[in-house]
Amino acid sequence: MKVGFIGLGNVGGKLSGSLLRNGTDLWVHDLNPDFVAAKVALGAKDGGTPANMMQSCDAVITCLPSPAASAAVLEQMLPHVGAGKIWMEMSTTDEAEVKKIGAEVIKAGGAAVDCPVSGGCHRADTGNISIYAGCDRPTFERILPLLTLMGRRVLHTGPLGSASVLKVMTNYLATANLLTLCEALTVMKAAGMDLATTFDAISISSGTSFVHETESQLLLSGSRDVNFTMDLVQKDIGLFQKLAEAHDVPLEISPLIIEMMRDGQRRYGERAQSDRMIERLEEATGLDVRAPGFPDTLIDDEPEERGYEIHPTR
């Protein structure tokens, strides 16, 4: 199968790298020519344009920063969609938008999938990230071999759009967890607790989480570089809030999180690293919430293995 990959940024560059590393016939495209050149040097083909990639490839993956960016790329590809062609949207996007564009792909004779990832850039780099996939079952069976090259655990979530709904929920939960960890670590510092001991206490407790096990290390090392910027956080939590409003669910915590992140952007920049949110509390208290011995970057030390489908147990 010839595969096209459009969007070679923080996440897309790593996912496409897993495909290349595992022998996929890969065509790539990005607005940054250096990103394209780097993948070509590793064995990929320069796809030229989105239109050319849809003409040349069996499946084209998009991994872009916004629904608008995906829509613009799909507009170029749609005239070349036909029977047997697959569009795979790996961006975190809006359910309504992916359904709208996907319907056009299906009308043209192709198949559409929303298949966002979850688990952090460090796991995307090793093929150990998790992947959700929303599409009909026959299409899922066709793309599963590709997904298991990019991710460790793959979950078929239901029809097109369902994966995007679940993904914005998980990103909302991750953001809420990050902000509560910033508060917890700062309070422990103020209370005179050793922060390395605090980290271990959280890790073995009911308060632990994936975000703690990963991002708390970057908070405490002082690097605060998780490869995920505040503008992307705002996009994702905004999509979750939009979903809640569409279904008339009156949320209380979500609007507060959105405003807190806006304040972080005003202070540190629209595209500042999301972990810099702890600096708001450091500035307010005069405390330095750092500790020796924690890494500046996250490294996935799990060995790379071929992925597999997760089957619901209930």
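Residues numbered from 1 in each chain as written. Predicted model: local features only at pLDDT ≥ 70, side-chain atom pairs only at ≥ 80, totals over all residues. Heavy atoms only, no water.

**Student:** Help me out: how do you make sense of the packing of helix α1 (residues 12-21) against helix α7 (residues 137-150) in this one?
**Tutor:** For any two helices packed against each other, one specifies the crossing angle of their axes together with the interaxial distance. Across the interface, α1 lies against α7 with an axial gap of 8 Å and an inter-helix angle of 110 degrees. The angle between α1 and α7 places the two elements in the roughly perpendicular class. Residue-level contacts link Leu15, Ser18 and Leu19 of α1 to Leu146, Leu149 and Met150 of α7. For the contact of α1 with α7, the class distribution of residues is five nonpolar, one polar and no charged. (Axes fitted to C-alpha atoms, helices over the stretch in contact; angles between N-to-C directions. Helix = DSSP H or I, 4+ residues; strand = E, 2+ residues; numbered from the N terminus. Parallel < 35°, antiparallel > 145°, perpendicular 65-115°, else oblique. Contact = heavy atoms within 4.5 Å. Nonpolar A, V, L, I, M, F, W, Y, C, P; charged D, E, K, R; others polar.)

**Student:** For this particular structure, what's the right way to read the UniProt feature "domain: 3-hydroxyisobutyrate dehydrogenase-like NAD-binding" (unreviewed entry) in the protein?
**Tutor:** Those places that UniProt annotates as "domain: 3-hydroxyisobutyrate dehydrogenase-like NAD-binding" (unreviewed entry) correspond, in this numbering, to residues 161-279. Helix makes up 71% of residues 161-279 and strand makes up 0%, while its end C-alpha atoms are separated by 36 Å. (UniProt positions renumbered as here; feature names shortened; annotations may be inferred.)

**Student:** Explain the pattern of salt bridges here, please?
**Tutor:** Opposite charge on two side chains makes pairing possible when the charged atoms of those side chains draw close. Under the definition given, this model contains 20 salt bridges. Residue Arg271 pairs with Asp231 through a salt bridge whose shortest N-O separation is 3.2 Å. Here Asp231 lies in helix α11 (residues 230-246) and Arg271 lies in the loop between α12 (253-268) and α13 (278-285), a separation of 40 residues in the sequence. Exposure remark for Asp231: the relative accessible area of 25% places this residue in the partly exposed category. With a closest N to O distance of 3.8 Å, Arg266 and Asp263 form a salt bridge. Linking Arg266 with Asp263, this pair stays in helix α12, spanning three residues, or about one helical turn. The exposure class assigned to Arg266 is exposed, which follows from its relative accessible area of 56%. (Salt bridge = Lys/Arg side-chain N within 4 Å of Asp/Glu carboxyl O. Buried < 20%, exposed > 50% of the residue type's maximum accessible area, 1.4 Å probe, protein only.)

**Student:** Mind showing me how you'd approach the nonpolar core here?
**Tutor:** A general trend in soluble globular proteins is that nonpolar side chains are found buried together. The biggest cluster of nonpolar side chains holds 33 residues, and the ones touching the most others in it are Phe5, Met88 and Leu147. Of all the elements in the fold, those that place two or more residues in this core are β1 (2-6), α1, β2 (25-29), β4 (59-62), β5 (86-89), β6 (111-114), β8 (129-134) and α7. By residue number, the principal contributor to this core is α7, which donates seven residues. Apart from the residues lying within four places of it in its own chain, the contact partners of Met88 are Ala59, Val60, Ile61, Thr62, Val113, Cys115, Ile143, Leu146 and Leu147. Within the second largest apolar cluster, 30 residues are counted, among which are Leu185, Met260, Val289 and Phe294. (Core = buried A, V, L, I, M, F, W, Y, C linked by side-chain atoms within 4.5 Å.)

**Student:** When you look at α12 in this model, what are you seeing that I'm missing?
**Tutor:** An α-helical turn contains 3.6 residues, so a residue and the one three or four places further along point in the same direction. The end-to-end C-alpha separation of α12 is 23 Å, in line with the 22 Å expected for 16 residues at 1.5 Å each. Buried residues of α12: Ser254, Ile257, Ile258, Met260, Met261, Asp263, Gly264, Gln265 and Tyr268, and no others. Where α12 is buried, its residues touch α8 (162-190), α11 and α13. Phi turns positive, to about 115 degrees, at Gly269, one or two residues after α12. (Expected span 1.5 Å × (residues − 1).)

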